[in-house]
Amino acid sequence: MSTPGPYLADGGPTSDKARSCRAQAAHCRAELGQVTVALQEFEAVLRQMRAVDNDASDEAIELRRAIGFLELSEGRLVEARRMLEPLHDDMCVVYGPDDEDTVEIAEALARIHLTLGGTHREAPET
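In this report, we go over the structure that sits alongside the text. Throughout, residues of each chain are indexed from 1 in the direction in which the sequence is written. Where local features are concerned, this predicted model is filtered to residues with pLDDT of at least 70; where side-chain atom pairs are given and counted, the filter is 80 or more; whole-chain, interface and lining totals use all residues. The side-chain numbers reported here are obtained from all heavy atoms of the structure, hydrogens and water having been left aside.

## Here we look at the pattern of salt bridges
No. 1: The rule for a salt bridge is simple: a side-chain nitrogen of Lys or Arg has to be within 4 Å of a carboxyl oxygen of Asp or Glu. The final tally for this structure, using the stated rule, is six salt bridges.
No. 2: A salt bridge links R19 to E59, with the nearest nitrogen and oxygen atoms 2.8 Å apart. Residue R19 is found in helix α1 (residues 16–31), and its partner E59 is found in helix α3 (residues 58–73); the two are separated by 40 residues along the sequence.
No. 3: For E59, a relative accessible area of 27% translates into the label partly exposed.
No. 4: For R65, the salt bridge is made with E104, and the minimal N-O distance between the two is 2.6 Å. Of the two residues, R65 sits in helix α3 while E104 sits in helix α5 (residues 100–116), which places them 39 residues apart along the sequence.
No. 5: A residue is classified by how much of its surface remains accessible, and E104, at 31% relative accessible area, is partly exposed.
No. 6: Each member of the salt-bridge network shares a partner with another, and the members are D16, R19 and E59. Secondary structure follows DSSP: runs of H or I at least 4 residues long count as helices, runs of E at least 2 residues long count as strands, and numbering of each begins at the N terminus. Exposure classes here rest on a 1.4 Å probe applied to the protein chains alone. A residue is buried below 20% of its type maximum, exposed above 50%, and partly exposed in between.

Keep in mind these numbers describe shape, not what the thing actually does.
Laid out in structure tokens, this is it:
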């Protein structure tokens, strides 16, 4: 008889617990300066989460926030803006524009816009 894999007892590799562990590992990688690996892991977890929930769930909001601020910390302003603008829109609906986290994202976006020359939104990609 074979032994179940490490995720089987907890619902598999895409379970809430597994995604939470992977997100925590990505936070640790970011703290260690392994930004590229951390971003890849955050994005992979976000893709898995999107398969079972929506972008306005608490988990998705936290992942999107982590990705956006990590990109911002690395000077990847265009990428950060692409993540943070729709996140800000969602947070205004879910939490309201006066929520502390919503305000923090709005302030980050204002800094990005000033640095990039004031263009508010990019033209939609075709």
